[in-house]
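Breakdown of the fold
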Amino acid sequence: MKAKLLVLVVLVLAPLAAIHAAAAAPASKPNILVILADDLGYADVGFNGCKDIPTPNLDTLARSGVRCTSGYVTHPFCSPTRAGLLTGRYQQRFGHENNPAWLPQSTVAGLPLSQTTLPQILKTAGYVTGCVGKWHLGAHLQFHPNRRGFDEYFGLLGGGHVYLPGAKGSAEYQIPMDRNGRSEPLTEYLTVVLAREGSSFVARHKGQPWFLYLTFNAPHTPLQVTDPLMERVKHITDETRRSYAGLVVGLDDAVGVVMNALRESGQAENTLVFFLSDNGGPVSVTHSDNTPLRGAKGDVFEGGIRVPFLVSWPGRLPQGQDYAQPVISLDVFATAVALTSANVPAGHTLEGTNILPYLMGRQGGAPHDRLFWRSGGGAKFAVREGDWKLVGGRNGKTQLFNLAEDLGESKDLAAVRPEVLTRLSQTYAEWNKDNVAPLFESPQANRPKAPKKAGQK
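Residues numbered from 1 in each chain as written. Predicted model: local features only at pLDDT ≥ 70, side-chain atom pairs only at ≥ 80, totals over all residues. Heavy atoms only, no water.

1. Comments concerning the overall build of the protein
The test is simple: For helices the rule is a DSSP run of H or I covering at least 4 residues; for strands it is a run of E covering at least 2, with both sets numbered from the N terminus onward. A radius of gyration in this sense is built from C-alpha atoms; the matching globule rule multiplies 2.2 Å by the number of residues raised to 0.38. Relative accessibility under 20% of the residue-type maximum defines a buried residue, over 50% an exposed one, and the middle range a partly exposed one, all with a 1.4 Å probe and only protein chains included. In what follows, residue pairs with any heavy atoms lying within 4.5 Å of each other are defined as contacts. All accessibility values rest on the Shrake-Rupley procedure with a 1.4 Å probe; residue burial counts only the protein chains present in the view. Charged-residue counts in this description rest on Lys and Arg as positive and Asp and Glu as negative, His and the chain ends being excluded. For this purpose, a charge sits on NZ of Lys, CZ of Arg, CG of Asp or CD of Glu.
Secondary structure assignment for the protein yields twelve helices and 16 strands. On C-alpha atoms alone, the protein measures out to a radius of gyration of 23 Å, which is about the 23 Å that the 2.2 N^0.38 rule sets for 457 residues. Taken along the three principal axes of its C-alpha coordinates, the protein extends 105 × 55 × 45 Å. The buried share of the protein, taken over its 457 residues, is 57%. Once local pairs closer than 6 in sequence are excluded, the contacts in the protein between residues at least 24 apart make up 69%. Put simply, the protein shows about 18,900 Å² of open surface, and 54% of that area lies on carbon and sulfur atoms. Across the protein, 45 positive and 39 negative side-chain charges occur, with their mean positions spaced 3 Å apart.

Given below as structure tokens:
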């Protein structure tokens, strides 16, 4: 009788104990995966309408989450964008406005040590942090990823690299791979190597919250592609675009490998994924396509700063939906902090927004009242406020566009709406007061130019 009573008590109390334990246990912290492409054209992915370059894995990622059709980065070329993303602040605030030259002896040409990075913040919340791929935030040892908050690093420290072992390239593009401060030779196609390293990080850290900054150099030049990749884009007649397309296909394959690692390890539903490019495509160089946007890498027109931008979190975010309000790469940091309750040091003022409530439909309105861009110390600048976009350039002319009516920025409305022009000009001037001059200069022109054709003046 006593035994039966004991069993009955256990049967009654066990579910209650389980409920209590579940309530007391902290919710598992989500993993955060940021995948960054390099020089990817706005219209060169299937989810943005591309027809000639197959991107099935990226298209699957888009269907699993939210496509941000007005997704921006903070700068129209490489390194400054990365500085903004990893600090959550406009990089003009601390002088990182140009690409640093490959200068291992320089303690200036790189992400200033005064700035706190996202991995440093997330480590305070118990995250293991990893960076795989292109760094481009300084060559001196003090700028090394392992010293800027990343527990693990593997990749290329400079602004680019050859894709094939033994291929020709500048000295910076031929430096060995770096693994936590130690050199390793490149022995396989680079995009494949980075995919494997990213997948390894995902699998090894199952069971603990992690942040992975997976930053490919594809489809940045040089246009070096394996024969199997070229075979998959042989239908493209433009030779330059065909090689570029091969790089994009390789990037898509790599994203598929990493996403498969997430699924196979049972971590997909506990991982927030961002995918974006660091800037628009350099149309004249790679024959990338930013349609229907005006301009290219190096411009503060839409083609230089509006990029393919996806956010996916199965079971938490809507699937296969579009979000039209402007978001920006600064939002990655702010969203991660809000999600993890990580501590941001006093004085490190974040300038992004936690966009999850907006993407989930819980928050109406726009995440940002306005967004800003400045390049070349102010030689080029732009402001977006609602549908209005102000663009200033080296010729001293300031133009005004309504993006809702003219996404291609072809109709200057400055003379028609002078009050809007004045307001946005004043808004930019006010924002610009808190910026500083560039700390270092780019080693070459910010926007690459195509070689002149025979007979062209």
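Additional details are given in the paragraphs that follow.
2. What about unusual backbone geometry?
Only a minority of non-glycine residues have a phi that is not negative, and only a minority of peptide bonds are not trans. Cis geometry marks the peptide bond from Ala218 to Pro219, where omega comes out at 0 degrees. Along the polypeptide, Pro219 turns up in the loop between strand 8 (210-215) and helix 6 (227-231). Backbone torsion omega between Thr221 and Pro222 reads 10 degrees, so that peptide bond is classified as cis. Position of Pro222 among the secondary structure elements: in the loop between strand 8 and helix 6. The backbone of Asp39 sits at a positive phi, close to 70 degrees, despite the residue not being glycine. Along the chain, Asp39 turns up in the loop between strand 1 (31-37) and helix 2 (56-63).

3. So, the pairing of strand 15 (residues 388-392)
Note the threshold: Two strands qualify as a pair provided DSSP detects at least 2 bridges between them.
Counting buried positions along strand 15 gives five out of five residues, so the element sits mostly inside the fold. The alternating pattern of strand 15 places Trp388, Leu390 and Gly392 and Lys389 and Val391 on opposite faces, both of which are buried. Here strand 14 (residues 380-385) runs beside strand 15; their pairing, made up of five bridges, is antiparallel. Of the residues in strand 15, the one forming a bridge with Ala382 is Val391. Taking the residues that link successive antiparallel strands as the turn, the strand 14-strand 15 hairpin has two residues, and the phi of Gly386 there is positive, at about 60 degrees. Direction of pairing for strand 15 relative to strand 16 (residues 398-402): antiparallel, over a ladder of five bridges. The residue bridging Trp388 from the neighbouring strand is Asn402, located in strand 16.

4. A few points about the side chain of Asn217
With respect to the helices and strands, the residue Asn217 is situated in the loop between strand 8 and helix 6. What Asn217 contacts, discounting residues up to four positions off in sequence, is Asp38, Lys134, Leu156, His161, Tyr163, Leu190 and Leu194.

5. Brief notes about the packing of helix 2 against helix 7 (residues 239-264)
Filter applied, for reference: Working convention: axes come from line fits to C-alpha atoms, limited for helices to the stretch in contact. Angles between N-to-C directions cover 0 to 180 degrees. These descriptions rest on fixed angle ranges, namely under 35 degrees for roughly parallel, over 145 for roughly antiparallel, 65 to 115 for roughly perpendicular, and the rest for oblique. Three classes are used: nonpolar for Ala, Val, Leu, Ile, Met, Phe, Trp, Tyr, Cys and Pro, charged for Asp, Glu, Lys and Arg, and polar for all others, with Gly counted as polar.
One can describe the packing of helix 2 onto helix 7 by two numbers: an axis separation of 7 Å at closest approach and a directional angle of 50 degrees. For the element pair helix 2 / helix 7, the angle class is oblique. Residues Pro56, Asn57, Leu58 and Leu61 of helix 2 form the contact with helix 7, whose own contacting residues are Asp252, Asp253, Val255, Gly256 and Met259. Here the residues of the contact of helix 2 with helix 7 are counted per class, giving five nonpolar, two polar and two charged.

6. Considerations on the sheet that holds strand 1
Ordered in space as 7-6-5-4-8-1-9-10-2-11, the ten strands form an open sheet in which the pairing is mixed. The strands lining the two open edges of the sheet, one partner per strand, are strand 7 (182-184) and strand 11 (321-323). Across the sheet, the axes of successive neighbouring strands diverge by a mean angle of 15 degrees, strand direction being ignored. Pairing of strand 6 (residues 177-179) with strand 7 involves three bridges; the strand directions are antiparallel. Bridging from a neighbouring strand, Met177 pairs with Glu184 of strand 7. Here helix 7 sits on the sheet and contacts strand 1, strand 8 and strand 9 (271-277); the angle it forms with strand 1, its principal contact strand, is near 175 degrees.

7. Regarding helix 7
Defined as follows: To estimate how far a helix should extend, the number of its residues minus one is multiplied by 1.5 Å. Pairs of N or O atoms within 3.5 Å make up the polar contacts considered here, provided that, within protein, one atom can donate a hydrogen while the other can accept it, and that residues adjacent in sequence are counted only when both atoms are side-chain atoms.
With 26 residues, helix 7 extends 37 Å between its outermost C-alpha atoms, agreeing within 8% with the 38 Å of an ideal straight helix rising 1.5 Å per residue. Along helix 7, 19 of the 26 residues are buried, which leaves the element largely enclosed by surrounding structure. Its side-chain oxygen 3.0 Å from the backbone nitrogen of Thr240, Asp238 forms the N-cap of helix 7. Phi for Gly266, located one or two positions after helix 7, is positive at around 70 degrees.

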